[in-house]
Amino acid sequence: MDGESRDSGISRDPPPANGASQMSDEGALREKAREMIQAGQLPDRRPDRTWGGPGVGADCTICRVPVKRDEVEFEIEFTRSGDNPGLDTYQFHIRCFAAWEFERQNLELAGGAILERPTETLP
Ligand SMILES: [Zn+2]
């Protein structure tokens, strides 16, 4: 029985080291943000107001993790008009805000046919 010697030249492939299967946090956040925009859970337009400040423990809209007091919280506000006027506000971590911004602009560029843009009111 020298079957062992037959396999001696073949070594197992080592598991891939940190390959493409490992998704970065940033990638995961962008994907979540995009899903939420497409599902209508997040707006796809520029916010009417944006604030940044210390966190107050409110849940982040995208990752659902509270923004802690020692972290920067971004809050964005949308003025709703139409049948049910009002204000929509969302809280984000700074990195989640960046992910949403990135995807929003991506979709805007990819969409091409934006029918109406909000008129820009700069202070
Ligand atoms: Zn977050």
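Structure first, text after, so check above.
All residue numbers here refer to positions counted from 1 along the written sequence of the relevant chain. Reporting in this predicted model follows two pLDDT cut-offs: at least 70 for local features of residues, and 80 or more for side-chain atom pairs to be given and counted; totals over whole chains, interfaces and linings ignore these cut-offs and use all residues.

## Observations concerning the pairing of strand β3 (residues 86-93)
For step 1, the next point in the chain: Where strand β2 (residues 72-80) lies against β3, eight bridges are found, and the strand directions are antiparallel. Residue pairing in the sheet places Glu-75 in a bridge with Gln-91 of β3.
For step 2, the next point in the chain: Between β2 and β3, which pair antiparallel in sequence order, lie five residues; one of them, Gly-82, sits at a positive phi of approximately 100°. At least two bridges found by DSSP between two strands is the condition for calling them paired. The numbering of helices and of strands both runs from the N terminus, where a helix is a DSSP run of H or I of at least 4 residues and a strand a run of E of at least 2.

## Brief notes about the sheet that holds β2
For step 1, the next point in the chain: In space, the three strands of this open sheet follow the order β1-β2-β3, with antiparallel pairing throughout. Since the sheet does not close on itself, it has two edges, and those belong to β1 (49-54) and β3, each with one partner. Sheet twist, expressed as the mean angle between neighbouring strand axes with direction ignored, is 20°.
For step 2, the next point in the chain: Judged from the six bridges that link them, β1 and β2 form a sheet pairing that is antiparallel. Counterpart to Gly-53 in the pairing with β2 is Glu-73.
For step 3, the next point in the chain: C-beta atoms are placed from the backbone for every residue, and two residues are taken to be in contact when these atoms lie within 7 Å. In this analysis, axes come from line fits to C-alpha atoms, helices being fitted only over the stretch in contact, and the angle between any two N-to-C directions falls in the range 0 to 180 degrees. Most of the contacts of helix α3 (residues 94-111) go to β3, to which it runs at about 115°, and overall it touches β2 and β3.

## Comments concerning the packing of helix α2 (residues 25-38) against α3
For any two helices packed against each other, the geometry is given by the interaxial angle and the distance between the axes.
For step 1, the next point in the chain: In the contact formed by α2 and α3, the axes pass within 8 Å of each other and the chain directions differ by 55°. The orientation of α2 with respect to α3, classified from their angle, is oblique. Of the two possible hands of crossing, α2 and α3 adopt the one that is right-handed. Mapping the contact onto sequence places Glu-26, Leu-29, Arg-30, Ala-33, Arg-34 and Ile-37 in α2 and Arg-95, Cys-96, Ala-99, Trp-100, Phe-102, Glu-103, Arg-104 and Leu-107 in α3. Roughly parallel refers to an angle under 35 degrees, roughly antiparallel to one over 145, roughly perpendicular to one between 65 and 115, and oblique to any angle outside these ranges. In this scheme the crossing of two helices becomes right-handed for a clockwise turn of the near helix relative to the far one and left-handed for an anticlockwise turn of less than a right angle.

## Describing unusual backbone geometry
For step 1, the next point in the chain: Positive phi is not limited to glycine here, since Arg-64 has a value of about 70°.
For step 2, the next point in the chain: Position of Arg-64 relative to the elements: it lies in the loop between β1 and β2.
For step 3, the next point in the chain: With C-beta atoms placed from the backbone, a residue is labelled by how many other C-beta atoms lie within 10 Å of its own: buried for 20 or more, exposed for 12 or fewer, partly exposed between the two. Of the residues examined, Arg-64 has 9 C-beta atoms within 10 Å and is grouped as exposed.

## So, α2
For step 1, the next point in the chain: Here α2 is 14 residues long and its end C-alpha atoms lie 20 Å apart, about the 20 Å a rise of 1.5 Å per residue gives.
For step 2, the next point in the chain: Along α2, the positions that sit buried rather than exposed are Leu-29, Arg-30 and Ala-33. Down the axis of α2, the sector holding all buried residues measures 100°, keeping them to one side. In α2, the exposed residues that point more than 90 degrees away from the buried face are Gly-27 and Gln-38.
For step 3, the next point in the chain: Its buried side turned inward, α2 meets α3.
For step 4, the next point in the chain: One or two residues past the end of α2 sits Gly-40, with phi positive at roughly 80°. Expected span, for any helix, means 1.5 Å times one less than how many residues it has. Along the arc lie the directions from the helix axis toward the C-beta atoms.

## Thoughts on α3
For step 1, the next point in the chain: An ideal rise of 1.5 Å per residue puts 26 Å on 18 residues; α3 measures up with 25 Å between its terminal C-alpha atoms.
For step 2, the next point in the chain: Inspection of α3 places Cys-96, Phe-97, Ala-99, Trp-100 and Glu-103 among the buried residues, and these make up the whole buried set. Considered in projection along α3, the buried side chains sweep an arc of 160° and stay on one side of the axis. Turned more than 90 degrees away from the buried face of α3 sit Gln-105 and Leu-109, all of them exposed.
For step 3, the next point in the chain: Residues of α3 that are buried sit in contact with α2, β2 and β3.

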